[in-house]
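One letter stands for each residue in the lines below.
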Amino acid sequence: MEKTELKDEKSKEVEEEQVVNPWEVSAKDGGKIDYDKLIDKFGCQRLEESLVQRVQRLTNRAPHVFLRRGVFFAHRDFNDLLDSYEKGEKFYLYTGRGPSSEALHLGHLIPFMFTKYLQDAFKVPLVIQLTDDEKCMWKNLSVEESQRLARENAKDIIACGFDISKTFIFSDFDYVGGAFYKNMIKIAKCVTYNKVVGIFGFTGEDHIGKVSFPPVQAAPSFPSSFPHLFGSDNIRCLIPCAIDQDPYFRMTRDVAPRIGYHKPALIESSFFPALQGENGKMSASDPNSAIYVTDSAKEIKNKINRYAFSGGQDSIELHRKYGANLEVDIPFKYLSFFLDDDAELEHIREEYGSGRMLTGEIKKKLVDVLTDIVERHRRARAAVTDEMVDAFMGVRPLPNMFN
């Protein structure tokens, strides 16, 4: 008897200390997200150091900074997928983006930066879903505006450096149909209304479009949704995503063996905190909570100096005496995401934590690091043409996708 992936989720979210789902991330009284409790509630596994070392051994390259520092901290069946890979079995990557805004912030880039590393390290194909239909329904956008934003976001995704010979980007409005739609129907028949309400918390006030959407995000987990890429091969799928997407794939994994597919493996990240503090993730609705890839060097400097929550002390004298509280300091948190040099980060940890480095100094370092990342991204995006977007989104075979 196949073990179910779905845990009892009858408790009301208002009674919980934290709410984490695809549409809301919040902790009680503005506190921090407790990832240990999240792992226990969702039923996933913590990504241990031994698994990071195994990735290094299998790929013969240094683990990505997001792996080394625990940004991607949880998984489902990642070890099993690596077992299969070590035996010579193939897999593909699947990730996505809900295009609800013109520009991406750094939090949006994290899964794509990590997926680029996985594609290069394992030499595997990638499908990227742009859920323009989802955002049309959830954000009250017109169909046309959702499609436009999907293409604009595709340019930012392409600018991350994906290999066009191994990457297929698709929008739901353009691609859903045929084999993909058949899988959606197979999935939908396996999930009762009561179950989808239990997983996602839909109410009688939600329109039926929302209730019917989960199979759309589940279908790319199965290779037969892409016959032009995989034919009839039943190969495995690995999904890098933030942990707020886990409900979709708990449902998917529960359904998979019932319709003849492998359960997709997942590798899941924590949230990139807002500038004002680590109480959830950045919000596109508050421009001062995030650093955007369209921000100028002056805007980045201003946002970090004015809004980045500091764990430093109230005066230089107290700071020299007690040092910074690194647990709440946002400049140090951001550097732990984006400063690749482990030795330099450890030096900053010691100097700032002891009080020898001042808040202004660590903020200046962060300004330099983020300005460089944003400027490089801006140049790469400027080079992405409409013809390149068409090429990435064209339905075509990828003959060298495993080389």
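Residues numbered from 1 in each chain as written. Predicted model: local features only at pLDDT ≥ 70, side-chain atom pairs only at ≥ 80, totals over all residues. Heavy atoms only, no water.

Convention followed: UniProt positions are given in the numbering used here, feature names are shortened, and annotations may be inferred rather than shown by experiment.
The name given to the chain in an unreviewed UniProt entry is tryptophan--tRNA ligase, with the source organism recorded as Datura stramonium. Looking at the Sequence similarities (unreviewed entry) heading of the UniProt record, one finds this comment for the chain: "Belongs to the class-I aminoacyl-tRNA synthetase family."

### Focus: the nonpolar core
Selection criterion: Put simply, buried Ala, Val, Leu, Ile, Met, Phe, Trp, Tyr and Cys residues joined by side-chain atoms within 4.5 Å make one nonpolar core. Only protein chains enter the area calculation, which uses a 1.4 Å probe; residues under 20% of their type maximum are buried, those over 50% are exposed, and those in between are partly exposed. Helix numbers and strand numbers start at the N terminus; a helix is a DSSP run of H or I with at least 4 residues, a strand a run of E with at least 2. In what follows, residue pairs with any heavy atoms lying within 4.5 Å of each other are defined as contacts.
One finds F66, L106, L238, F338 and L370 to be the most contacted residues of the largest nonpolar core, which totals 71 residues. In terms of residue count, helix α5 (residues 106-122) provides more of this core than any other element does, 9 residues in total. Every residue in contact with F338, bar those within four places of it in the chain, is listed here: F66, L106, I110, M113, F272, V369, L370 and I373.

### Here we look at the pairing of strand β5 (residues 91-97)
The condition that has to hold: Two strands pair under a simple rule: DSSP has to find at least two bridges between them. With the strands pointing away from the viewer, any crossover whose connection runs clockwise from the first strand over the helix to the second is right-handed.
Taking burial as the measure, the 7 residues of β5 include 6 buried ones, the bulk of the element. The pairing of β5 with strand β6 (residues 126-130) spans 5 bridges and is parallel. Residue pairing across strands places T95 opposite I128, the latter belonging to β6. Between the parallel pair β5 and β6, the chain is carried across by α5, and the sense of this crossover is right-handed.

### Quick notes on the sheet that holds strand β7 (residues 167-171)
Taken in spatial order, the 7 strands make up an open sheet running β3-β4-β9-β8-β5-β6-β7, and their pairing is mixed. Pairing within the sheet leaves two strands with one partner each, and these edge strands are β3 (45-46) and β7. Bridge analysis of strand β4 (residues 72-76) against strand β9 (residues 265-269) gives 4 bridges, and the strand direction is antiparallel. The partner of A74 across the bridge, within β9, is E268.

### Overview of the environment of L335
Along the chain, the position of L335 falls in helix α17 (residues 330-338). With 10 residues separating them along the chain, L335 and L345 place their C-alpha atoms 7.3 Å apart. The contact partners of L335, leaving out residues within four places of it in the chain, are R69, L345, I348, I362, K365, L366 and V369.

### Some points on the side chain of R253
The cut-off we apply is this: Side-chain atoms alone can form a polar contact between residues adjacent in sequence; in general such a contact is a pair of N or O atoms within 3.5 Å, and within protein one must be able to donate a hydrogen while the other accepts it.
Note that R253 resides in helix α14 (residues 246-255). A distance of 3.0 Å separates polar atoms of two side chains, one belonging to R253 and the other to D77.

### A short note on the pattern of salt bridges
Once the charged atoms of two side chains with opposite charge are near each other, the side chains can pair. Note the following rule: When a carboxyl oxygen of Asp or Glu is within 4 Å of a side-chain nitrogen of Lys or Arg, the pair counts as a salt bridge.
Counting across every chain of the model gives 30 salt bridges. A salt bridge links R69 to D342; the shortest N-O distance between them is 2.6 Å. On the criterion of sequence distance, the pair formed by R69 in the loop between α3 (65-68) and β4 and D342 in helix α18 (residues 342-354) is long-range, its members being 273 residues apart. Taking the relative accessible area as the measure of exposure, R69 reaches 22% and is therefore partly exposed.

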